[in-house]
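Tertiary structure, described
Read off the chains here:
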Amino acid sequence: MLTEAERQTLRGWASRRRTAQGLAQRARIVLMCADGMANTAVAAELGITRETVGKWRNRFVRDRFAGLSDEPRPGVPRSISDAVVEEVVVRTLEEVPEGATHWSKRELAKRVGISATSVHRIWRAFGLYRSKT
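All of the points below concern the structure found in this document. Keep in mind that what you see is a predicted model, and the values were worked out from it rather than measured. (Residues numbered from 1 in each chain as written. Predicted model: local features only at pLDDT ≥ 70, side-chain atom pairs only at ≥ 80, totals over all residues. Heavy atoms only, no water.)

Points about the nonpolar core
Basically, it comes down to this: Definition of nonpolar core: a set of buried residues of the types Ala, Val, Leu, Ile, Met, Phe, Trp, Tyr and Cys, connected through side-chain atoms within 4.5 Å. Think of it in three bands: with a 1.4 Å probe and only protein chains considered, a residue is buried below 20% of the maximum accessible area for its type, exposed above 50%, and partly exposed in between. Helix and strand definitions follow DSSP, with helices as H or I runs of at least four residues and strands as E runs of at least two, each counted in order from the N terminus. Should any heavy atoms of two residues lie within 4.5 Å, those residues are considered in contact.
Counting 16 residues, the largest nonpolar core has L10 and L68 as the members making the most contacts within it. Sort the elements by how many residues they give to this core and helix α2 (residues 21-34) lands first, with six residues. When residues no more than four places from it in sequence are discounted, the contact partners of L68 are L10, W13, L23, R26, V30, W56 and F60. If you look at the next biggest cluster of nonpolar residues, it comprises eleven residues, including V89, L108, I114 and W123.

In structure tokens form, the structure reads like this:
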């Protein structure tokens, strides 16, 4: 059972262009279930599995809107903070090491306190590294 306010919020999420697609689909699932559709019918209509429908339906019943948000993903959390990433980018763009014309991955890694591989990944992510191929 949905209140009118919940129904309006879910309709907005389901139809708004800026809504993340996962959240929009979860809103559609809840709306269709609230309209009396069975999990198998909702799954067939949306092209997803019955288990997925059941998962989001149950989470909404249990936690309401909070149940539709993504839970933290498994895995190791980031070990390099945003501040360190910023330091690498700023040093790369605004500083030149003494006695050199530009930073090497190893020199900058030593200065910042991270691995050369991490510096390379940051450079690649920010378009500061061009491969020779």
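Side note on the packing of aromatic side chains
Filter applied, for reference: Geometry of aromatic contacts follows a simple scheme: Phe, Tyr and Trp rings, the Trp one being its six-membered ring, pair when their centres are within 6.5 Å, and the pair is stacked under 30 degrees between planes, edge-to-face over 60, tilted otherwise. Counted as over-ring charges are cases with an Arg CZ or a Lys NZ within 6 Å of the ring centre that also lie within 35 degrees of the ring normal.
The full count for this structure, using the stated rule, is two aromatic pairs. When the centroid spacing of 5.2 Å and the interplanar angle of 65 degrees are considered together, the rings of W13 and F65 count as edge-to-face. Here the residue W13 occupies a position in helix α1 (residues 4-15), and F65 occupies one in the loop between α4 (50-63) and α5 (82-94), the gap between them amounting to 52 residues. Look at F60 and F65: their rings are 5.9 Å apart centre to centre, the planes differ by 70 degrees, and that puts the pair in the edge-to-face class. The buried category is assigned to F60, whose relative accessible area is 3%. You can call F65 partly exposed: its relative accessible area is 29%. Aromatic rings pair up to connect W13, F60 and F65 into one cluster. Note that R26 overlies the ring of W56, its terminal NZ or CZ placed 4.2 Å from the centroid.

Let's talk about the pattern of salt bridges
Defined as follows: When a carboxyl oxygen of Asp or Glu lies within 4 Å of a side-chain nitrogen of Lys or Arg, that pair is called a salt bridge.
Overall, the coordinates contain eight salt bridges when judged by the stated rule. R50 is the salt-bridge partner of E51, the closest N and O atoms lying 3.7 Å from each other. Residue classification places R50 among the partly exposed positions, given a relative accessible area of 47%. Between R62 and D63 there is a salt bridge, and its shortest N-O distance comes to 2.9 Å. Under the relative-accessibility criterion, R62 is labelled exposed at 55%. Looking at D63, the relative accessible area reads 31%, which means it is partly exposed. Salt bridges here are not isolated pairs; linked through shared partners, they connect E87, R91 and E95.

Some remarks on the side chain of R7
Looking at the element boundaries, R7 is found in helix α1. By relative accessible area, which is 15% here, R7 ends up buried. With residues near it in sequence (within four places) discarded, R7 still touches L2, L31, A34 and D35.

On their own, these measurements won't tell you what the molecule is for.
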